[in-house]
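So you can see what is in the structure, the chains are spelled out below.
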Amino acid sequence: MERVDLIPPPAADAAPRDDVADRADAYASAPLLNCLLREVAEPLPRTGEPGELRVYRLPGGRLLRVCGERRPAAPEVHTTGGWQPVRHSELVKLVAEELVRHTGLSNHELPAEMIDSRDAVAALLTARAGATPPEDPYLLSEQSLITGHPHHPAPKARGGGPVAGWLPYAPEAHARFPLTLLGLRSDTVVEEGDTSALDALGEAPPGYRLLPAHPWQLDLVARDLAQAFADGRLIHLGTTASETWPTAAIRTLYAPECDLFLKFSLDVRITNDIRRLWRHDLLKLRRTDTAAREAFAAIDGPAAWLGDNGYRTADFAFEELAVLVRDGLRDRVVPGATALLAAGLVEGFDGSPLDGAEDPAAWWEAYLARVVPPALAAFAEHGVVLEAHLQNTLVAVDAEGTPVQALFRDAEGVKLLPDVSREDGWERLVYCLVVNHLCEVAAALAERHPGLDPWPAVRRELSRHDLPEVAALLASPMLPGKTNLLLRWTGADGADARYLPLPNPLAG
């Protein structure tokens with residue numbers, strides 16, 4: 001049987017269009033399979049035969065087998081006629097049927113999102129074939145995520161809207177675009193923190209303040225803002241003189257000319273949540289960001305926090321028009337180093353240091369020495385629980401590609417003790433740092449460098465930190481795995497993390 005490679009070589013981005021459907025199926029099936037196999041399937045014992053594929057029993061009794069481990073591919077279901085291949089559309093139906101059996105609940109929204117995610121991948125693959133990737137390695141790493149979240153059923157869904165509405169703003173399509181500039185009448189401005197960087201993006205007339213806007217968000221909320229434009233609370237002022245680049249987070253843009261990150265609301269569900277800058281999160285921003293800043297100021301070593309300095313918005317559209325100002329890179333990255341997105345390292349991109357590491361064991365030890373200590377110190381010494389997952393961690397490398405610094409971001413995802421209990425905070429940190437982050441980088445590195453066992457180095461690094469939680473982690477047979485498929489199927493709030501036990505590669 002012909003099988004589709006999940007991750008084609010980089011040159012495959014220029015492949016003929018007639019294979020886009022197969023490649024989109026493969027990319028979209030991998031994270032959906034990861035969710036299904038982790039959350040509801042039962043792995044059957046291996047027979048030990050050469051070339052054996054892993055077989056799983058589903059809740060309804062059907063048998064499913066896949067190729068590969070980290071990114072499962074080429075799923076097949078056993079029928080009376082033998083093993084039959086399952087394309088993505090068929091996999092969506094199979095998953096829905098099994099989840100009804102497993103939970104007793106139906107859900108019509110999530111299957112549509114799964115299809116939307118796959119169709120978005122097809123559109124992205126087509127767009128990338130004719131796009132010019134950024135020369136900057138940092139931007140390239142941010143815009144490399146065709147698979148995206150490896151354990152989410154619909155990581156590339158874009159709200160079900162038409163492709164023409166979102167593709168011009170998609171990081172995966174190597175998009176770059178100017179911001180829309182609005183004038184916001186001064187008596188309607190709401191802001192907190194330092195937002196002065198926004199005023200350098202353009203010029204507002206007397207009686208108005210400058211308010212940059214994401215053009216996609218403006219399209220999404222145009223009807224709600226029509227009256228504000230009609231009565232003069234908002235006016236159009238054109239666009240920024242230079243372009244911004246969407247990062248992996250989609251709604252967070254980087255403006256290289258002024259070395260500034262700007263985070264906007266997007267009234268679109270991306271993975272688990274509608275990506276608005278919610279009022280309750282903005283109102284606690286100063287407290288969480290200040291706690292993170294103070295923690296990193298006290299932590300030894302080069303680790304850095306990309307601070308969320310403040311926000312500006314309109315009192316009549318508080319969440320819809322909010323823009324958050326985040327530190328840039330130039331004053332945060334150590335001299336001579338290049339920042340790279342950790343999620344990009346896992347996904348892969350031209351020039352990735354994972355591919356070029358001559359001594360992968362030494363590279364991995366350097367990576368751990370930069371990423372793990374600041375995350376543990378922030379928790380243990382300052383009560384700051386970083387959301388240190390792949391998309392919120394940058395790793396700066398030197399000219400040889402060796403990790404020399406970790407940078408963390410996103411105060412919105414930070415939790416503080418005792419707002420959450422120490423136990424809950426530690427579980428969240430273990431999931432973000434170990435399960436979501438280190439497990440993925442370790443697997444990607446081992447895949448590129450066969451024979452490397454990444455886990456002894458992780459155990460050594462963690463053992464250097466005298467925390468009772470670390471000792472318990474190293475002895476525990478299980479790790480907490482977030483159940484994104486079940487969370488979305490049962491309609492739980494996106495922030496309501498639910499975990500199931502996963503085998504702990506650190507144990508023993």
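Above this text sits the structure in question.
Residues numbered from 1 in each chain as written. Predicted model: local features only at pLDDT ≥ 70, side-chain atom pairs only at ≥ 80, totals over all residues. Heavy atoms only, no water.

For the structure shown, the criterion picks out 12 aromatic pairs. Measuring from ring centre to ring centre gives 5.6 Å for Y431 and Y499, while their planes differ by 55°; the resulting arrangement is tilted. One end of the pair, Y431, is in helix α13 (residues 422-448); the other, Y499, is in strand β24 (residues 499-503), and 68 residues separate them in sequence. Here Y499 falls in the partly exposed class, since its relative accessible area comes to 24%. Joined through ring pairs, the aromatic side chains of Y138, Y254 and F261 make up one cluster. (Phe/Tyr/Trp six-rings, centres within 6.5 Å; stacked < 30°, edge-to-face > 60°. Helix = DSSP H or I, 4+ residues; strand = E, 2+ residues; numbered from the N terminus. Buried < 20%, exposed > 50% of the residue type's maximum accessible area, 1.4 Å probe, protein only.)

Attention shifts here to the pairing of strand β11 (residues 252-255). Residues of β11 alternate between two faces, with T252 and Y254 on one and L253 and A255 on the opposite face, all of them buried. With two bridges joining them, strand β10 (residues 245-246) and β11 adopt antiparallel strand pairing. Note on β11: the bridge partner recorded for P246 is L253. Linking β10 to β11, which pair antiparallel, is a turn of five residues; within it I250 sits at a positive phi near 75°. Taken together, the four bridges between β11 and strand β12 (residues 260-264) define a ladder with antiparallel strand orientation. Along β12, the bridge assignment pairs A255 with L260. (Pairing = 2+ DSSP bridges.)

All right, on to the environment of R448 then. Tracing the sequence through the fold places R448 in helix α13. Taking the relative accessible area as the measure of exposure, R448 reaches 24% and is therefore partly exposed. If we ignore the near neighbours within four places in the chain, the residues touching R448 are R70, L345, V346, E347, G348, L354 and D355. (Contact = heavy atoms within 4.5 Å.)

On inspection of all chains with the given rule, the structure shows 45 salt bridges. Salt-bridge contacts for D231 lead to R233; the nearest nitrogen and oxygen are separated by 3.0 Å. As a salt-bridge pair, R326 and D410 come within 3.7 Å of each other at their nearest N and O atoms. A residue pair is termed long-range when its members are at least 10 positions apart, and R326 in strand β17 (residues 323-326) and D410 in the loop between β21 (403-409) and β22 (415-416) qualify at 84 residues. D410 matches R326 in its accessibility class, with the two residues each being buried. The network of salt bridges with common partners includes R251, K263, D308, R326, D410 and E412. (Salt bridge = Lys/Arg side-chain N within 4 Å of Asp/Glu carboxyl O.)

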